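Breakdown of the fold
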Amino acid sequence: MAGLATLAASTGFPLVPACGPTYGAGPIIAFELVRSPAQLAELFGPSSCSGAFQAAQIRASWWDALAFIPAYAAFLALGARALGGDARRLSRIAIAVLLAGALLDEIEGLILLQLANLWQNPPDLFGALFFTVRPKFALLGIGSLLLAALAWRGTPIGKIAALPLAGGGLASLWFLFSDPHDPAMMLGHRYAWMALLALAAIGSIRPRWVRRP
């Protein structure tokens, strides 16, 4: 159920039309990655669309904080718990890593709301934004690798799911450090989480098919 809630929340983001250049990323991710007032002003673009862009970003930030982040935090943490089996220490580490990433995501949202409201004369929060966004994505990528390790310890179906979990986690980390604007970074997270959702769907019907007792 938490996985389905995550899927529903991910499709419920308000449409944020591009106003300024996003360099390959979607407008929401591009907003998360801004590093300076000049980049922020460039992203918000000309006055003909900046007002609509601002309103859409504010709505998206609220949706993220109130719907998407709680849903995916529950989904990933419960996934780590369900796959734990006798690897309780590894399961607890995975839960801690994933929840820390979600907490940073919530803090990031507070920063983005301030920047969106004051984008024409923004407060100096770009350092704080960098040190929430990058660690958040890193922790979620590492979390996917830990989920892959937990799934790999289980049944053959778990081992199959571990491959996209690990591949998605590695891809997200690679692009985070090489080119975070590349859509492949977010695709890595998406494929990893979809693999976990498929595993959860199977496990909800046949628990013994996905993990050892």
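Here the structure is a predicted model, which means the values were calculated and not measured. Every chain is numbered on its own, with residues counted from 1 as its sequence reads. For this predicted model, a pLDDT threshold of at least 70 governs which residues receive local features, and a threshold of 80 or more governs which side-chain atom pairs are given and counted, while totals over whole chains, interfaces and linings are taken from all residues. Note that water and hydrogens are dropped before the side-chain values are worked out from all heavy atoms of the structure.

1. Description of the nonpolar core
The cut-off we apply is this: Throughout, nonpolar core names a set of buried Ala, Val, Leu, Ile, Met, Phe, Trp, Tyr and Cys residues whose side chains join them through atoms within 4.5 Å. Each residue is placed in one exposure class: buried if its accessible area under a 1.4 Å probe, protein chains only, is under 20% of its type's maximum, exposed if it is over 50%, and partly exposed if it falls in between. Numbering goes from the N terminus for both helices and strands, where a helix is a DSSP run of H or I of at least four residues and a strand is a run of E of at least two. A contact between two residues is defined here by any heavy atoms of the two lying within 4.5 Å.
In this structure, Tyr72, Phe75, Leu76, Leu147, Leu165, Trp193 and Leu196 are the most contacted members of the largest nonpolar core, which totals 32 residues. Mapped by element, the contributors of at least two residues to this core are α1 (2-10), α4 (47-82), α5 (88-117), α6 (126-152), α7 (156-178) and α8 (183-205). Counting residues per element, this core draws most heavily on α4, which supplies 8 residues. Setting aside anything within four residues of it in sequence, one finds tryptophan 193 in contact with Thr6, Phe68, Tyr72, Phe75, Leu76, Leu140 and Ser144. Ranked by size, the runner-up nonpolar core spans 30 residues in total, among them Val16, Ala116, Val133 and Phe137.

2. Concerning the packing of aromatic side chains
Note the following rule: Stacked, edge-to-face and tilted are the three classes for Phe, Tyr and Trp ring pairs, Trp counted by its six-membered ring, which pair at centre distances within 6.5 Å; planes under 30 degrees apart are stacked, over 60 edge-to-face, the rest tilted. We count a charge as sitting over a ring when the NZ of a lysine or the CZ of an arginine lies within 6 Å of the ring centre and within 35 degrees of the ring normal.
Counted according to the given criterion, the structure contains 8 aromatic pairs. Judged by centre distance (5.7 Å) and plane angle (75 degrees), the rings of phenylalanine 31 and phenylalanine 44 are edge-to-face. Separated by 13 residues along the polypeptide, phenylalanine 31 in helix α2 (residues 27-32) and phenylalanine 44 in helix α3 (residues 37-44) bring together distant segments of the chain. By the burial criterion, phenylalanine 31 is buried, and phenylalanine 44 matches it. Seen from their ring centres, phenylalanine 44 and phenylalanine 53 are 4.8 Å apart, and the 85 degrees between their planes marks the pair as edge-to-face. The exposure class of phenylalanine 53 is buried, given its relative accessible area of 1%. Grouped by ring-pair contacts, the aromatic residues Phe13, Phe68, Tyr72 and Trp193 constitute a single cluster. The cationic tip of lysine 136 hangs over the ring face of phenylalanine 137; the distance from NZ or CZ to the ring centre is 3.9 Å.

3. Some remarks on unusual backbone geometry
Backbone geometry at tyrosine 23 places phi at a positive 55 degrees, although glycine is not the residue there. Residue tyrosine 23 is classed as exposed on the basis of its relative accessible area of 54%.

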